[in-house]
Amino acid sequence: MGEVKLIGSSGSLFCTRVEWALKLKGVDYEYIQEDLLNKSELLIKSNPVHKKIPVLLHDDKPVVESLVILEYIDETWKGYSLLPQDPHERATARFWAKFVDDKCVIGSWQAMAMQDEGEAKAKAIESVQELYAFIEKQIEGKKFFGGEQIGYLDLVMGWKTLWLSAMEEVGNVKLLDPEKFPHSINGLKTSKRFLLYTKACHNKRP
């Protein structure tokens, strides 16, 4: 299927989800660590519009934006399916993925970064919790968002497993209480298979 390279950074949740997808598909790839403080010519050439990671290079043809890359991977390498086959379910998965990136990720970072420890920060935390209440309903009663196996939304949401506790500690916030969000938090954290891929992506890159 051609040579595959991933331009990324170990600290990027958006790159991690792409690595998970490649691992699930069994795709061999070369990982290129990018210095975000001194961006390489390869990154600028591959993503001249945004100059951001991740960038997937497939036979030197760039694919950018992590959600777009996930869909490209799913369509290019058959076998394990990331997105549902049903058109309505696929559309629904895309909706929630955009919701996560546009609302949950940004809201979590904003709440963490707020220096004010008073009412403003409390309202920011409450706002994030309201967003995650929607996500909680999507996984309630399921092992994964898609049912019985890891899929597209699990990869999109998987950043919580790695970064949420650190964000809460750094920002002195509690964004998700396991008692209020048992399915979306505990479901991801206790899944042995999910954690296996987490470890594989970070410790066993090709």
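Please read all numbers here as calculations on a predicted model, not as lab measurements.

1. Some thoughts on the layout of surface pockets
One number sums up the size of the largest pocket: a volume of about 550 Å³. Taken together, 19 residues form the lining of the largest pocket, with Ser12, Phe14, Lys52, Ile53 and Pro54 sitting closest to its centre. Of all the secondary structure elements, the ones that give two or more residues to the lining of the largest pocket are helix H1 (13–25), helix H3 (66–76) and helix H4 (87–113). A total of four residues in the lining of the largest pocket trace back to one element, the largest contributor, which is H4. By residue class, the composition of the lining of the largest pocket is ten nonpolar, six polar and three charged. As for the second largest pocket, its lining consists of 19 residues, and the residues nearest its centre are Pro84, Glu89, Ala93, Phe145 and Gly146.

2. Some words on the environment of valine 156
Along the polypeptide, valine 156 turns up in helix H6 (residues 152–157). Put simply, valine 156 and alanine 21 are 135 residues apart on the chain and 10.0 Å apart in space, counted from C-alpha to C-alpha. Each residue touching valine 156, except ones within four places of it in the same chain, is listed here: Arg17, Leu67, Leu70, Ala97, Val100 and Asp101.

3. Digging into a negative patch on the surface
Together, Glu3, Glu30, Asp59 and Asp60 give the surface a local cluster of negative charge. Relative to the helices and strands, glutamate 3 resides in the segment before strand S1 (4–8). For glutamate 3, a relative accessible area of 43% corresponds to the partly exposed category.

4. Description of the pairing of strand S3 (residues 55–58)
Here S3 shows no split at all, with Val55 and Leu57 on one side and Leu56 and His58 on the other all buried. As paired strands, S1 and S3 are joined by four bridges and run antiparallel to one another. Within S3, the position partnered with lysine 5 by the bridge is leucine 57. Note that S3 and strand S4 (residues 61–64) share four bridges and pair antiparallel. Bridging across to S4, leucine 57 finds its partner in proline 62. Between S3 and S4, which follow one another and run antiparallel, lie two residues, and aspartate 59 among them has a positive phi close to 55°.

5. Some thoughts on the pattern of salt bridges
For side chains of opposite charge, pairing can occur when their charged atoms come near one another. Under the defined criterion, the tally for this structure stands at five salt bridges. Here arginine 17 and aspartate 101 are joined by a salt bridge, their closest N and O atoms 3.0 Å apart. Of this pair, arginine 17 sits in helix H1 while aspartate 101 sits in helix H4, and the two are 84 residues apart along the sequence. In terms of burial, arginine 17 and aspartate 101 fall into one category: buried. Between glutamate 119 and lysine 123 there is a salt bridge; the shortest N-O distance is 3.2 Å. One end of the pair is glutamate 119 and the other is lysine 123, both in helix H5 (residues 119–139) and four residues apart, which spans about a single turn.

6. What about the packing of aromatic side chains?
If you walk through the whole model with that rule in mind, you get four aromatic pairs. With a centroid separation of 6.3 Å and 80° between ring planes, the pair formed by tyrosine 72 and tryptophan 77 is classed as edge-to-face. For the pair tryptophan 96 and phenylalanine 99, a centre-to-centre distance of 5.2 Å together with 80° between the ring planes defines the contact as edge-to-face. Here phenylalanine 99 and tryptophan 96 lie together in helix H4, a separation of three residues that amounts to about one turn. Across the pair, phenylalanine 99 and tryptophan 96 agree in class, each one buried. Aromatic rings pair up to connect Phe95, Trp96, Phe99 and Phe134 into one cluster.

The rules behind the values
- Residues numbered from 1 in each chain as written.
- Predicted model: local features only at pLDDT ≥ 70, side-chain atom pairs only at ≥ 80, totals over all residues.
- Heavy atoms only, no water.
- 1 Å grid on protein atoms, 1.4 Å probe; cavity = no way out; pocket = protein on both sides within 12 Å on 5 of 7 lines; lining within 4 Å.
- Points joined across faces, edges and corners; volume = space filled by probe spheres on them.
- Helix = DSSP H or I, 4+ residues; strand = E, 2+ residues; numbered from the N terminus.
- Nonpolar A, V, L, I, M, F, W, Y, C, P; charged D, E, K, R; others polar.
- Contact = heavy atoms within 4.5 Å.
- Patch = residues over 30% accessible without salt bridge, like charges linked within 9 Å, V, L, I, M, F, W, Y side chains within 5 Å.
- Areas by Shrake-Rupley, 256 points an atom, 1.4 Å probe, with all protein chains shown as cover.
- Salt bridge = Lys/Arg side-chain N within 4 Å of Asp/Glu carboxyl O.
- Lys, Arg positive; Asp, Glu negative; His and termini not counted.
- Charge placed at Lys NZ, Arg CZ, Asp CG, Glu CD.
- Buried < 20%, exposed > 50% of the residue type's maximum accessible area, 1.4 Å probe, protein only.
- Pairing = 2+ DSSP bridges.
- Phe/Tyr/Trp six-rings, centres within 6.5 Å; stacked < 30°, edge-to-face > 60°.

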